[in-house]
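Each chain, letter by letter, is given below.
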Amino acid sequence: MSFLYVIRRRLILLLLVVIGVTIITFAISHMIPGDPARLMAGDRATPEIVQSMRTRLGLDQPLHLQYLNYVGSLLQGDLGTSIRTGRPVADDLVRFFPATIELAAVALFFSVLAGVPLGVASAVYRNRWIDQVSRTISVTGISTPAFWLGLLLIMLFYGRLDWLPSSGRLGGDVTAPPFVTGMLLIDTLLAGDLAAFRSALSHILLPAFTLGFVHLGVVTRQIRSSMLEVLQEDYVRTAKAGGLSRRQIIFGHALRNALIPSVTMLGLAFGDLLYGAVLTETVFAWPGMGNYVVQSIHALDFPAIMGFTVVASIAYVLINLLVDLTYMLLDPQIRSVG
Amino acid sequence: MTSTHTADAPIDLRDLKLEFPTYGGAVRAIDGVSITVGKGEVVGLVGESGSGKSVTAMSIIRLLPPDSQRVVGGRISVLGRDMLKLSEGELQSVRGDDVAMVFQEPMNALNPTMRIGDQLRQVIRRHQKATEAEATARALELLRDMRIGDPNRVLRNYPFELSGGMRQRILLAMAFSCRPDVLIADEPTTALDVTIQAQVLALMQQKARETGSSVLFITHDMAVVAQLCDRVHVMYAGQVVEQGTTEEVLYTPQHPYTQALLRSLPELAEPQQPLPTIQGMVPNLIDPPAGCRFRERCHFSHQRCHEMPDMLQASGTGRSARCWLLDPDNPEREDALEKGRQAQVPAPLPPAAAQDGDSLLEVQDLKVRFPVGADWRGRPRAFVHALNGVDLVLRRGETLAVVGESGCGKSTLGQSIMGLLAPTAGRVVFAGKDLHNLPPQQMRELRRRFQVVFQDPQSSLNPRMPVWKAITEPLLVAEGLSARARRDRAAELARQVGLNPDHLERYPHEFSGGQRQRIAIARALALQPDLLVLDEPTSALDVSVQAQILNLLLRLKQEFGLTYLFITHDVSVVRHVADRVAVMYLGQVVELGPAQKVIEAPQHPYTRTLLRSVPELSRRRELAPADLHGELPNNTRLPSSCFFRERCRYAAAGCGEPQSLTAAPDQRLVRCHRSAELPPWPDEQLGDAGQTPEIPAPESTASA
């Protein structure tokens, strides 16, 4: 299979996903009770005002035309106007989405950075103390509710030790960097403002650890079991019979092959992290998508909900495209055979 | 030959005992094994699965995971070093340098994500002071020694880009990279085709002679031992039961197990007659019975066998066997020998009814191709041409064997005949009906008349279905029989295939490989078919079990008037069971005719190459390096000439044309325009015809 073929197939899939997602969210938004025009016009609006609002929003047109209008503007990057905030949904997403991506990415980074070595050590020293410790950590991670862990961490590191802040993305003592990516860790570095970078880092540590800890358990377990499997393979025996050292065998031969199945899981996990961020964001008052979406749902703010759903779906498909390409890089056989 | 029992032998195992601790108790996998391999010697270690031969081999360089086993006694001395006392670091410097090892499955033995060159260089640089460039030069030289064409390209290849034969040569190159004093080869050619096996064995032998390496060669194949080994040890149930020179052990075996094993080979038997089998099963090694481990399966067993025999030396020779019959002072000896001689030899089958010649199945110009890969539009990049115009007629009541090497299309042919694979062109006509152009209802009706048995009974039975259900599932599908009726029928089928009907409530994993194959056969018989397609039905089995299954198939054929299409790669099985044989190469039949005739005097050059490569027990000979070159051509791009031309030693003008099957003497069809003018078979000296094993009772040499 060629790279081009995989990319092409994914792009077609992306198109289908977007069409499917827009149709479904659009249909739901028109099925559930609640009249956006009335909501927008306010409680005391006269029927005439509501009616004119309805006309302005295009809600009086036939359903399929409303859908086509929506898709048409979508293609121009116009996700509509949020009923709740009154701002273009696209603007809101640009403001809140990077914060969530940043949180999820740091959480993922942490869980991989800690989880892979733990998993490897666990497999290599199977049933020894290090394996017991790592398995305890992963079970704890998997079974701990994120909001509870978050509260504990706030109590310890903010309440008791006062080492780290408990909420927000940036301290009040530094100025926000100019908007480039929306991810503060990157933007502060681009601006060359080290003080702001440190502040951003100290703010993201607790929420990212909270979010990543659950996932750490999953990574550790996955790496452990695929390492155990790979260490049984004939080619590991060949390497051993060739007199290679333990280090050469574990890192040179086993790890790369053990990572191949894990990559798929990382793609799926990133999706989980994005959605899982909602709860963590609430605990740490992190101004990301989580809060935005929850509030939009309460307000029946359909343009916002639809905008978020479409963008999140696209992100999900793109991440999985990335996963497939990584897969091809790691496994030469997938690269050339089909 | 006795002089090898010296302290400075490169490999010297003394009374080694090794256990695998399990929850059920310790499995005594190796129980008092002594083996020596002298300098420059090639010593065989043969035995059936579970005999402990591979565990012995791995334990020599301490390759077994330390926490899964423990050595409870004995000594492992390699090149004068006590391997049980070396540290892990010291072991690492011995492995790959002084002692190298090659394994069975070349397909999995190389790291799939690492280039060949990197894997070779890594081992070289581990043991020798060499720069990357020097290591590359050395790797190239090694690959050239292994007759690998275009070694520069191969260094850049990943394992999956190479065939099994190529990979095994690379593993041999890796094993020889540091000029080891000792090579341990664990079934290195078992997964390979015979022509490739011949190439690899010849290269291994040649290279071992050059480097003066001592070789311990582990195999289940007695014929390979005959070709390769100076001496041989036979293992059974964790013990060496007989050892001596290859001639001694293969041609005048002393231990009843060795005798029984050799007798069960189809190669030595009268064709189409029952093979002698070994009754019972290998004892459980967690708690083996006291005394001789073979006692309960032995025709010669007597009172004294309740005591474990030592390795007793046969008089006047260097060989010994773990059997009381070799003790001339054993008072029970004469009686036991008499009893053994009278023990049941299988009753011959009555002569087969004449085949009436009425055709049951016709395959007409059958072609099958599979798409591979995808370009950016998702269209196949190429096609694998699996079958390229196969014509066959199967007559009612006959056994037609289809023989060929991997990739020749024999299994694809079987699947097309079963209606499991739609042909790209051509027809399969069963009982006058075109299988692939039949309305579904009629197809269902017809399908019950042909059934299939696959190679691997392990994976072809549903593990969560009790055996009676598995056997009679076809009856449920085809006839909707009640559970009660199915149970009764299952018991009847079980009796027919030699299974205990009381065991039908059990699940497949509770049966041995041979029993599972009986289950698969019972299931195939449930609908009383006319035709059985047998796709390598004994290839996964040990020879003693293979003998039982072959006997069963021969008996069932007579009892039920079955017709067999017998797909196999094993020429000795063809010779034993087949009436006629079709030899396949690259998706075509190249030779078709009466099995005895084709095997005794092959006409097509490929059939000759195939038969020349088959190791035979009766032929102690040098491995022929003549057919070293060539592997099966790539079947995505078919040659426009005769398909065999590039590998053919008789290729001449006129071979550039595609060949067609034409009639030859002895009711044969041969796909070669030169078949009439080729020199008579055998077309080269096949070594001294040598001794034919006679397999005497133990007395003949013991009392000499």
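Definitions and limits used
- Residues numbered from 1 in each chain as written.
- Chains lettered and ligands numbered in written order.
- Predicted model: local features only at pLDDT ≥ 70, side-chain atom pairs only at ≥ 80, totals over all residues.
- UniProt positions renumbered as here; feature names shortened; annotations may be inferred.
- Domains from an automatic or database assignment.
- Contact = placed C-beta atoms within 7 Å.
- Helix = DSSP H or I, 4+ residues; strand = E, 2+ residues; numbered from the N terminus.
- Nonpolar A, V, L, I, M, F, W, Y, C, P; charged D, E, K, R; others polar.
- Pairing = 2+ DSSP bridges.
- Axes fitted to C-alpha atoms, helices over the stretch in contact; angles between N-to-C directions.
- Left-handed = near helix turned anticlockwise from the far one by under 90°.
- Core = buried A, V, L, I, M, F, W, Y, C linked by C-beta atoms within 7 Å.
- Buried ≥ 20, exposed ≤ 12 C-beta atoms within 10 Å, placed from the backbone.
- Expected span 1.5 Å × (residues − 1).
- Bend = angle between axes of the 7 residues up to and from the residue.

Chain B is annotated in an unreviewed UniProt entry as ABC transporter ATP-binding protein of Aquibaculum arenosum. Per UniProt, the comment on chain B under Sequence similarities (unreviewed entry) is "Belongs to the ABC transporter superfamily." Here is the UniProt Subcellular location (unreviewed entry) comment for chain B, exactly as written: "Cell inner membrane".

An unreviewed UniProt entry annotates chain A as ABC transporter permease of Aquibaculum arenosum. For the record of chain A, the UniProt heading Subcellular location (unreviewed entry) holds the text "Cell membrane".

S.K.: So what exactly am I meant to see when it comes to the domain arrangement of chain B here?
M.R.: How large an interface is tends to be reported as the accessible area lost when its parts come together. Residue and element names in this part refer to chain B. We note that the domain assignment places domain 1 (1–98 + 180–260 + 289–341) and domain 2 (105–177) within chain B. Counting residues at the interface gives 14 residues for domain 1 and 16 residues for domain 2. A per-element tally of the side of domain 1 that touches domain 2 places helix α7 (residues 194–211) first, with seven residues. Residue classes in the side of domain 1 that touches domain 2 are distributed as nine nonpolar, three polar and two charged.

S.K.: Mind showing me how you'd approach the UniProt feature "domain: ABC transmembrane type-1" (unreviewed entry) in chain A here?
M.R.: The UniProt record marks residues 97–327 of chain A with the feature "domain: ABC transmembrane type-1" (unreviewed entry), using the residue numbering of this structure. Split by type, residues 97–327 of chain A is 81% helix and 0% strand. Its first and last C-alpha atoms lie 27 Å apart.

S.K.: Looking at this structure, I do not really get the sheet that holds strand β13 (residues 359–372) of chain B. What am I missing?
M.R.: Backbone-to-backbone hydrogen bonds pair the strands of a sheet. The strands run either parallel or antiparallel. All names here are of chain B. In spatial order, the strands read β14-β13-β16-β17; together these four strands make up an open sheet with antiparallel pairing. Two strands lie at the open edges of the sheet, namely β14 (382–395) and β17 (433–434), each paired on one side alone. Each of β13, β14 and β16 (425–430) is contacted by helix α12 (residues 410–417), which is oriented at about 115° to β13, the strand it contacts most.

S.K.: I tried to follow the UniProt feature "transmembrane region" (unreviewed entry) in chain A on my own but got confused; where do I start?
M.R.: Residue and element names in this part refer to chain A. Mapped onto this numbering, the UniProt entry gives "transmembrane region" (unreviewed entry) at residues 12–32, 103–125, 137–158, 200–219, 263–285 and 305–330. The span residues 200–219 shows a helical share of 100% and a strand share of 0%, and its end C-alpha atoms are spaced 26 Å apart. For residues 263–285, the end-to-end C-alpha separation is 31 Å, with 96% helix and 0% strand making up the annotated structure.

S.K.: How do you make sense of the packing of helix α14 (residues 467–479) of chain B against helix α16 (residues 513–525) of chain B when you look at a structure like this?
M.R.: Helix-helix packing: each pair is described by the crossing angle between the helix axes and the interaxial distance. All names here are of chain B. Between α14 and α16, whose axes approach to 6 Å, the crossing angle comes to 35°. α16 is crossed by α14, and the crossing has right-handed handedness. Taken together, the residues of α16 that come into contact with α14 (itself represented by Val467, Ala470, Ile471 and Pro474) are Ile519, Ala522 and Arg523. Of the residues contributing to the contact of α14 with α16, the split by class is six nonpolar, no polar and one charged.

S.K.: Would you mind showing me how to read the UniProt feature "domain: ABC transporter" (unreviewed entry) in chain B here?
M.R.: Summarizing the sequence annotation, UniProt attributes the feature "domain: ABC transporter" (unreviewed entry) to residues 11–262 and 361–611 of chain B in the numbering used throughout. For residues 11–262 of chain B, the helix share is 39%, the strand share is 27%, and the end-to-end C-alpha distance is 27 Å.

S.K.: Help me out: how do you make sense of the nonpolar core in this one?
M.R.: For soluble globular proteins, the rule of thumb is that nonpolar side chains tend to be buried together. Grouped together as the largest cluster of nonpolar side chains are 264 residues, with contacts concentrated most on Leu565(B) and Val583(B). The biggest single contributor to this core is helix α9 (residues 194–231) of chain A, with 17 residues. Each of domain 1 (1–98 + 180–260 + 289–341) and domain 2 (105–177) of chain B contributes no fewer than three residues to this core. When sequence neighbours within four positions are dropped, the list of residues in contact with Val583(B) reads Val403(B), Gly404(B), Val589(B), Val590(B), Glu591(B), Val598(B), His604(B), Tyr606(B), Thr607(B) and Leu610(B).

S.K.: What exactly am I supposed to notice about the interface of chain B and chain A here?
M.R.: The interface is formed by 30 residues belonging to chain B together with 26 residues belonging to chain A. Those elements that place two or more of their residues in the side of chain B that touches chain A are α2 (88–94), α3 (116–127) and α6 (164–176) of chain B. Take the side of chain B that touches chain A: its biggest share by element is four residues, from α3(B).

S.K.: Could you clarify how one ought to interpret the pairing of strand β4 (residues 70–78) of chain B in this entry?
M.R.: Regular strands show a simple pattern: their side chains alternate between the two faces of the sheet. Residues and elements named next belong to chain B. Alignment of strand β1 (residues 11–22) against β4, held across seven bridges, turns out to be antiparallel. Counterpart to Lys17 in the pairing with β4 is Gly73. Relative to strand β5 (residues 81–82), β4 runs antiparallel, the two being bridged by two bridges. Looking at β5, one finds that Ser77 is bridged to Asp82.

S.K.: Explain unusual backbone geometry to me, please; I cannot follow it from the model alone.
M.R.: The phi angle of most residues is negative, glycine excepted, and most peptide bonds adopt the trans form. Even without being glycine, Asp162(A) reaches a positive phi, approximately 55°. Counting through the fold element by element, Asp162(A) comes out in the loop between α7 (146–160) and α8 (184–191). Residue classification places Asp162(A) among the exposed residues on the basis of 9 C-beta atoms within 10 Å. The backbone of Glu536(B) sits at a positive phi, close to 50°, despite the residue not being glycine. Residue placement: Glu536(B) occurs in the loop between β19 (531–535) and α17 (543–560). Taking the C-beta count within 10 Å as the criterion, Glu536(B) has 20 such neighbours and is therefore assigned buried.

S.K.: How should the sheet that holds strand β10 (residues 239–245) of chain B be read in this particular structure?
M.R.: Residues and elements named next belong to chain B. Across the sheet, which stays open at both edges, the eight strands sit in the order β6-β7-β8-β3-β9-β10-β12-β11 with mixed pairing between neighbours. Edge strands, defined here as strands with exactly one partner in the open sheet, are β6 (99–102) and β11 (312–313). Examined bridge by bridge, strand β3 (residues 42–46) and strand β9 (residues 231–236) share four bridges and lie parallel to one another. When the bridges of β9 are listed, Leu45 appears paired with His233. Seen against the sheet, α6 touches β6 and β7 (182–186) and runs at an angle of roughly 170° to β6.

S.K.: Before we go on, may I ask you to explain α9(A) in this structure?
M.R.: One full turn of an α-helix is made of 3.6 residues, so residues set three or four places apart face in the same direction. Residues and elements named next belong to chain A. Between its first and last C-alpha, α9 extends only 44 Å over 38 residues, short of the 56 Å set by a 1.5 Å rise per residue. The sharpest bend along α9 comes to roughly 35°, located at Phe213. Within α9, 29 of the 38 residues are buried, leaving the element largely enclosed by the surrounding structure.

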